[in-house]
Amino acid sequence: MSMAAGSWKACRTRDVKLLVAYGGVVHTGLMLLALTALDRKGIESVLLYLVACAVANAGLFLVLTAVERATGKTDLASFEGLFRRAPAAAVSAAVLLDS
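An account of the accompanying structure is given in this report.

Cut-offs and rules
- Residues numbered from 1 in each chain as written.
- Predicted model: local features only at pLDDT ≥ 70, side-chain atom pairs only at ≥ 80, totals over all residues.
- Heavy atoms only, no water.
- Salt bridge = Lys/Arg side-chain N within 4 Å of Asp/Glu carboxyl O.
- Helix = DSSP H or I, 4+ residues; strand = E, 2+ residues; numbered from the N terminus.
- Buried < 20%, exposed > 50% of the residue type's maximum accessible area, 1.4 Å probe, protein only.
- 1 Å grid on protein atoms, 1.4 Å probe; cavity = no way out; pocket = protein on both sides within 12 Å on 5 of 7 lines; lining within 4 Å.
- Points joined across faces, edges and corners; volume = space filled by probe spheres on them.
- Nonpolar A, V, L, I, M, F, W, Y, C, P; charged D, E, K, R; others polar.
- Axes fitted to C-alpha atoms, helices over the stretch in contact; angles between N-to-C directions.
- Parallel < 35°, antiparallel > 145°, perpendicular 65-115°, else oblique.
- Left-handed = near helix turned anticlockwise from the far one by under 90°.
- Contact = heavy atoms within 4.5 Å.
- Expected span 1.5 Å × (residues − 1).
- Arc of directions from axis to C-beta.

**Examining the pattern of salt bridges**
Argument step 1. The tally for this structure, following the rule as stated, stands at two salt bridges.
Argument step 2. A salt bridge links lysine 17 to glutamate 68; the nearest nitrogen and oxygen atoms lie 2.7 Å apart. You can see lysine 17 sitting in helix α2 (residues 16–35) and its partner glutamate 68 sitting in helix α3 (residues 40–71), a full 51 residues away along the chain.
Argument step 3. For lysine 17, a relative accessible area of 25% gives the class partly exposed.
Argument step 4. For glutamate 68, a relative accessible area of 29% gives the class partly exposed.

In structure tokens form, the structure reads like this:
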């Protein structure tokens, strides 16, 4: 249920920070699904996934905060032309979003 609700809310928002937060809700649903296996591999997988998501989200929020400070906004439109304005932030965001 959390996966469907998070996905629905993410599709309807224009605020990038909320988009990442709703993505976290979806990731939590995936982790809960893996825990239903109730075996060692499932628990290990969830712990690894949890660490990877935490690192990626922390880095992504750093980039989002930097863009917010530069533009004063957190909507999707504030990320237009980010590579021209701040190539390092754009590449960082792309790598973190890909993980």
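**Notes on the layout of surface pockets**
Argument step 1. Taken as a whole, the largest pocket holds about 440 Å³ of empty space.
Argument step 2. Lining the largest pocket are 22 residues, with Val20, Leu60, Ala93, Leu96 and Leu97 sitting closest to its centre.
Argument step 3. Contributions of two or more residues to the lining of the largest pocket are made by α2, α3 and α5 (87–98).
Argument step 4. Considering every element that reaches the lining of the largest pocket, the biggest residue donor is α3, with seven residues.
Argument step 5. Looking at side-chain class alone, the lining of the largest pocket contains 17 nonpolar, five polar and no charged residues.

**Concerning the packing of α3 against α5**
Argument step 1. Contact geometry for α3 and α5: axes closest at 9 Å, N-to-C directions at 155°. Regarding the angle of α3 to α5, the classification is roughly antiparallel. Of the two elements, α3 crosses α5, and the hand of that crossing is left-handed. On the side of α3, the interface is formed by Ala56, Gly59, Leu60 and Val63, while α5 contributes Ala89, Ser92, Ala93, Leu96 and Leu97.
Argument step 2. Within the contact of α3 with α5, the residues separate by chemical class into seven nonpolar, two polar and no charged.

**Focus on α5**
Argument step 1. Compared with the 16 Å implied by 1.5 Å per residue over twelve residues, the 16 Å span of α5 between its first and last C-alpha is a close match.
Argument step 2. Buried within α5 are the following residues: Ala89, Ala90 and Ala93. Projected down its long axis, α5 carries its buried residues within an arc of 100°, all on one side. Facing away from the buried side of α5, by more than 90 degrees, are the exposed residues Ala88, Val95 and Asp98.
Argument step 3. Elements in contact with the buried residues of α5: α3 and α4 (82–85).

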